[in-house]
Amino acid sequence: MRLLGSDKALKDMSAEEIGQIKEGLAGATTMVDRIRDMGNEEMADKLEDGIGALQKALDANDMEAAQKAVDELKKVMPQGGRGRGGQGGRPGQGGQPGGQPGGEGGGRGGER
């Protein structure tokens with residue numbers, strides 16, 4: 001849900017942007033299902049409730065209620081809805097902060 005990564009208020013969005021949000025909400029059930037499949041039932045339930053509240057508010061053209069729903073969704077998914085950032089590898093395995101891939105350092109042949 002791209003919307004969660006945006007700082008733009010719903011009231012400042014064009015009708016086209018709101019339409020794109022509505023279209024994106026239709027596909028959000030896939031994301032919720034994946035989160036539930038990973039065993040995070042509580043987060044999936046919160047997302048499902050928030051998405052439902054957002055959909056209802058947008059359908060009623062209630063931008064204030066829609067913005068509140070977006071703000072609540074952002075609390076549930078503080079990374080803006082994507083699995084960005086974090087540790088790229090485990091400490092001691094060549095991992096780097098910021099989501100960079102880990103790996104072992106260089107060397108000569110099979111020597112350790």
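Refer to the preceding data block for the structure.
One structure accompanies this document, and this report is about it. Everything numeric here is computed off the predicted structure, so don't read it as measured data. (Residues numbered from 1 in each chain as written. Predicted model: local features only at pLDDT ≥ 70, side-chain atom pairs only at ≥ 80, totals over all residues. Heavy atoms only, no water.)

This part is about the packing of helix 1 (residues 15–26) against helix 3 (residues 41–59). For the pair helix 1 and helix 3, interaxial distance at closest approach is 11 Å and the crossing angle is 140 degrees. Once helix 1 is placed against helix 3, the crossing between them reads as left-handed. Of helix 3, the residues touching helix 1 (which contributes Ile18, Ile21, Lys22 and Leu25) are Ile51, Leu54, Gln55, Leu58 and Asp59. Per-class residue counts for the contact of helix 1 with helix 3 are six nonpolar, one polar and two charged. (Axes fitted to C-alpha atoms, helices over the stretch in contact; angles between N-to-C directions. Helix = DSSP H or I, 4+ residues; strand = E, 2+ residues; numbered from the N terminus. Left-handed = near helix turned anticlockwise from the far one by under 90°. Contact = heavy atoms within 4.5 Å. Nonpolar A, V, L, I, M, F, W, Y, C, P; charged D, E, K, R; others polar.)

Of all hydrophobic cores here, the largest spans 21 residues; its most connected members are Leu10, Ile21, Leu47, Ile51, Leu54 and Leu58. Here the element with the most residues in this core is helix 3; it accounts for six residues. (Core = buried A, V, L, I, M, F, W, Y, C linked by side-chain atoms within 4.5 Å. Buried < 20%, exposed > 50% of the residue type's maximum accessible area, 1.4 Å probe, protein only.)

Take the pattern of salt bridges next. Following the criterion strictly, the structure yields seven salt bridges and no others. Taking the shortest distance from any N to any O, the salt bridge between Arg36 and Glu48 comes out at 3.4 Å. Taken together, the positions of Arg36 in helix 2 (residues 28–37) and Glu48 in helix 3 put the pair 12 residues apart, joining distant regions of the chain. Using a relative accessible area of 42% as the deciding quantity, one classes Glu48 as partly exposed. One salt bridge in this structure joins Glu72 and Lys75, with 3.1 Å as the shortest N-O distance. Taken together, the positions of Glu72 and Lys75, both in helix 4 (residues 63–76) and three residues apart, correspond to about one turn of that helix. Classification of Lys75 by relative accessible area gives exposed; the value is 60%. The structure contains a network of salt bridges with shared partners spanning Arg36, Glu41, Asp45 and Glu48. (Salt bridge = Lys/Arg side-chain N within 4 Å of Asp/Glu carboxyl O.)

Take helix 2 next. Taken together, the buried positions of helix 2 are occupied by Ala28, Met31, Val32 and Ile35. Buried residues of helix 2, seen end-on, are gathered within an arc of 100 degrees and therefore sit on one face of the element. Away from its buried face, by an angle of more than 90 degrees, helix 2 presents the exposed residues Arg34 and Asp37. On its buried face, helix 2 is in contact with helix 1 and helix 3. In the segment just after helix 2, Gly39 is the residue with positive phi, at about 95 degrees. (Arc of directions from axis to C-beta.)

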